[in-house]
Amino acid sequence: MKSSQDREPAPAVYDHGGGVRSLRVPIPDNPLGHTLVYVVDTDRGPVLIDTGWDDPASWDTLASGLTACGTSVAEIHGVVVTHHHPDHHGLSGRVREASGAWIAMHAADTAVVRRTRQARPERWFSYMAAKLAAAGAPEEHIAPLRAARPRTLPGLSPALPDRDIVPGELLDLPGRRLRAIWTPGHTPGHVCLHLEETHPAQLPGHGRLFSGDHLLPEITPHIGLYEDPDDTTVTDPLGDYLDSLERVGRLAPAEVLPAHQHPFPDAAARVRELLAHHETRLTDLLTLLAEPLTPWQLAERMEWNRPWADIPHGSRTIAVSEAESHLRRLVKAGRAEAVPGSEPVTYVAVP
């Protein structure tokens, strides 16, 4: 498979056939570059799968792309959101304001949106500072989170969805068969959407899968903790993700239409690659845990796409969350355990 750098630049609007097109909506200052927003024709008008980041340039790209598709923002019938992250849900509110469209999301992610809208920014930064301290982060990393912040921040007032996506059920898209597949891991309410219709190019397999961030052709999605200042439930996001991967692999779609990079065939092969990747990573972490380590120390020693010294502040916080999700999986599987009395808590492999 070609790397993303070797591919020809994709057009801003691409027709996938069978009443499905995609728009490349930019993400400002992000190496992913863009979100693929899908436009699905229905008997009541076009429906969007995701909307892109809430940014003026992104909005202009979405609007002009819809015009190139022969429609407009005002004609959008509904918005189906794969998950609550701002590069997917960000423009949903503006689309609804301009068109009266409904917005659908899985209840678990709608709950995240509701809490985000209600929480003060200070509450979030205080929570993150405490979490990082418990993970063994040094004070110089935590200090910026303790500093004064503006009262409002981008992404803290996302649109509240008005419809639930119910796992296993067909969405209300007249003239189409789009079934929701609950795939938690990247977020607690992430969904893939299975278009149960014959592939327009007659490719072998069962329809097409809008995979959001769950299944990407060349990127391993970030699996961190489900952060919630008011929820003390001990979750297992990586375990959720691995279970969800196997569920998607069994669908055997003819083609996967992801939210980033490019469409690809053979979902089952990509699922096998990701399952193998995570098992290798868990095994490597057990080697590191021959000695007791805090989550921060583990993150420092894990392999990333660049040396730890070159990873910026925000990405280090994300890396620690990913290290913690792997630790949760190892502990739940009985392969690692917390060291009693350690402060901050350290973990060690179970012999």
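Throughout this description, residue numbers start from 1 for each chain and increase along the sequence as written. Confidence filtering applies because this is a predicted model: local features only for residues at pLDDT of at least 70, side-chain atom pairs given and counted only at 80 or more, and all residues used for totals across whole chains, interfaces and linings. Only hydrogens and water are set aside when side-chain values are computed; all heavy atoms of the structure are taken into account.

S.K.: Whenever I open this one, the packing of aromatic side chains confuses me. Can you help?
M.R.: Pairing of aromatic side chains requires ring centres within 6.5 Å, counting the rings of Phe and Tyr and the six-membered ring of Trp. Pairs whose planes differ by under 30 degrees are stacked, by over 60 edge-to-face, and all others tilted. Taken as a whole and judged by the stated rule, the model has three aromatic pairs. A centroid spacing of 5.7 Å and a plane angle of 40° characterise the contact between W124 and Y127, whose relative ring orientation is tilted. Of the two residues, W124 and Y127 both sit in helix α5 (residues 121-134), three residues apart, roughly one turn of that helix. Measuring from centroid to centroid gives 5.4 Å for W296 and W308, while their planes differ by 90°, and the two rings are edge-to-face. Here W296, found in helix α9 (residues 295-301), pairs with W308, found in the loop between α9 and α10 (313-332); they are 12 residues apart in sequence, far enough to count as distant. You'll find W296 and W308 in the same group, each marked buried. Counted as over-ring charges are cases with an Arg CZ or a Lys NZ within 6 Å of the ring centre that also lie within 35 degrees of the ring normal. The ring of W59 has R94 sitting right over it, with the charged end atom 4.1 Å from the ring centre. The ring of W304 has R281 lying over it, and the distance from NZ or CZ to the ring centre is 4.6 Å. We count a stretch as a helix when DSSP gives it H or I for four or more residues in a row; a strand needs E for two or more, and each element gets its number in order from the N terminus. Working definition: with a 1.4 Å probe on protein chains only, accessible area under 20% of the residue-type maximum means buried, over 50% means exposed, and in between means partly exposed.

S.K.: I'm lost on helix α1 (residues 56-68) in this one. Help?
M.R.: Since the α-helix packs 3.6 residues into each turn, any two residues three or four apart lie on the same face. Helix length check: α1, at 13 residues, gives a terminal C-alpha distance of 18 Å against a target of 18 Å (1.5 Å per residue), a fit within 8%. Within α1, the full set of buried residues consists of S58, W59, L62, G65 and L66. Buried residues in α1, looked at end-on, bunch into an arc of 130°, giving them a common side. Turned more than 90 degrees away from the buried face of α1 sit P56, T67 and A68, all of them exposed. Among the structural elements, β1 (13-15), β2 (20-26), β3 (34-40), β4 (47-49) and α3 (92-99) are those in contact with the buried residues of α1. Identification of polar contacts relies on pairs of N or O atoms within 3.5 Å, with a donor-acceptor requirement for protein atoms, meaning one able to donate a hydrogen and the other able to accept it, and with residues adjacent in sequence counted only if both atoms are side-chain atoms. Two or three places before A57, at the start of α1, stands the capping residue D55, its side-chain oxygen 3.0 Å from that residue's backbone nitrogen. A helix is expected to span 1.5 Å for every residue after the first. In this context, the arc is that of the directions from the helix axis out to the C-beta atoms. Note on contacts: a residue pair qualifies if any of its non-hydrogen atoms lie within 4.5 Å across the two residues.

S.K.: I'm lost on the sheet that holds β1 in this one. Help?
M.R.: Hydrogen bonds between backbone groups are what pair the strands of a sheet, and the pairing can be parallel or antiparallel. Across the sheet, which stays open at both edges, the seven strands sit in the order β1-β2-β3-β4-β5-β6-β7 with mixed pairing between neighbours. At either margin of the open sheet sits one strand with a lone partner, and together these are β1 and β7 (163-165). Shown here is a sheet whose adjacent strand axes are inclined to one another by a mean of 25°, direction ignored. Pairing between two strands requires that DSSP report at least two bridges joining them. Sheet topology places β1 next to β2; three bridges connect them, and they run antiparallel. Within β2, the residue paired with Y14 across the bridge is S22. To get an axis, a line is fitted to the C-alpha atoms, and for a helix only the part in contact is used. The angle between two axes follows their N-to-C directions and goes from 0 to 180 degrees. Those strands touched by α3 are β4, β5 (78-80) and β6 (102-106), and its axis lies near 150° from that of β6. Packing against the sheet, helix α4 (residues 107-118) makes contact with β6 and β7, and its axis sits at approximately 110° to β6.

S.K.: Quick question: what am I supposed to make of the confidence of the model for the protein here?
M.R.: Any residue range with low pLDDT should be treated as having predicted coordinates unsuitable for detailed reading. When pLDDT is averaged across the protein, the result is 92; 94% of the residues are at 70 or more. Per-residue confidence from the predictor is given as pLDDT, running between 0 and 100. With pLDDT under 50 throughout, residues 1-9 is counted as low confidence; its partners more than four residues away or in other chains account for 10 contacts.

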